[in-house]
Amino acid sequence: MHGCRSAAIMAACLLLSACFVSKTPLFGPAEADYPVPEGTRFAAYKLDDNGSRASAPPRHLTVTRKGADYLYTFDGEEPVAGLLDDIGGGDYIALIRDSEKPGKAVYGLLRQRGEGWLRFAPECSDFIRIAERHGESAATFNITRSGNDCAFSSYDDLKRALAAAARYTAPDTEYVRE
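Keep in mind it's a predicted model, so treat the numbers as computed, not measured.

Glancing now at the overall build of the protein. When helices and strands are counted, the protein shows 2 helices and 11 strands. Burial status across the protein gives 52% buried among its 178 residues. Considering only contacts in the protein between residues 6 or more positions apart, those separated by 24 or more positions represent 61%. Summing over all exposed atoms, the protein offers an accessible surface of approximately 8,100 Å²; the carbon and sulfur share of this is 49%.

This brings us to the confidence of the model for the protein. Looking at the protein as a whole, the pLDDT averages 87, with 88% of positions reaching at least 70. In this model residues 1-17 is a low-confidence stretch, pLDDT under 50, and it forms 91 contacts with partners more than four residues away in sequence or in other chains.

With respect to the element layout, lysine 104 can be found in the loop between β6 (91-97) and β7 (105-113). Lysine 104 sits in the buried class, given a relative accessible area of 18%. Within the structure, lysine 104 has its side chain in polar contact with the side chain of aspartate 149 (distance 3.3 Å).

Turning our attention to the state of the cysteines. Counted according to the given criterion, the structure contains 1 disulfide. The disulfide bridge from cysteine 124 ends at cysteine 150, spanning 2.0 Å between sulfur atoms. With the S-S dihedral at roughly 80°, the linkage between cysteine 124 and cysteine 150 falls on the right-handed side. Note that cysteine 124 is positioned in helix α1 (residues 124-133) and cysteine 150 in strand β10 (residues 149-151), a separation of 26 residues in sequence. With a relative accessible area of 0%, cysteine 124 lands in the buried category.

Okay, the pairing of β6 next. Within β6, 6 of the 7 residues are buried, which leaves the element mostly enclosed by the surrounding structure. Relative to β6, strand β5 (residues 80-88) is paired through 6 bridges, and the arrangement is antiparallel. Bridge pairing in β6 places leucine 83 opposite leucine 95. Hairpin connection from β5 to β6: 2 residues lie between these consecutive antiparallel strands, with glycine 89 at a positive phi of about 65°.

About the cut-offs
Residues numbered from 1 in each chain as written. Predicted model: local features only at pLDDT ≥ 70, side-chain atom pairs only at ≥ 80, totals over all residues. Heavy atoms only, no water. Helix = DSSP H or I, 4+ residues; strand = E, 2+ residues; numbered from the N terminus. Buried < 20%, exposed > 50% of the residue type's maximum accessible area, 1.4 Å probe, protein only. Contact = heavy atoms within 4.5 Å. Areas by Shrake-Rupley, 256 points an atom, 1.4 Å probe, with all protein chains shown as cover. pLDDT = per-residue confidence, 0-100. Polar contact = N/O pair within 3.5 Å; in protein donor to acceptor, adjacent residues only side chain to side chain. Disulfide = S-S within 2.5 Å. Pairing = 2+ DSSP bridges.

Put into structure tokens, the structure is as follows:
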């Protein structure tokens, strides 16, 4: 399963095609949480479909702050701005502002595990197929297809879809604090 361009907090997946998106951000700085300390560095390991580390060497991610935003920088690349929203149980919705599509937001789910994180960033078509195997559909989450993306207009629908993705799929990236 591929992820989305959610380099947002911890991954380099927002560059792939079919993501969870919204035309405008579904939460903002007033609702955001900041569980990652300024300057934290992570080794980012790609995971296979079973949640095991792939053989590729890890990438490195540094998390800093600029105003209300987290800035996520992989190995000297341009930083990506985003926010996190705590939805309970160690799970956070990660919002990334897509620099290639101004105003558009891209989402994934991060699960805190000790000082590290697991990222769930399902591809839209994979998510719908897996949800259908569990008796749910795109309509269950009020998903509107926007090209290859799953578009959301409600925070609650996004939250339910990301929680389902974490239940039904393995994480795609593991972030280990260095």
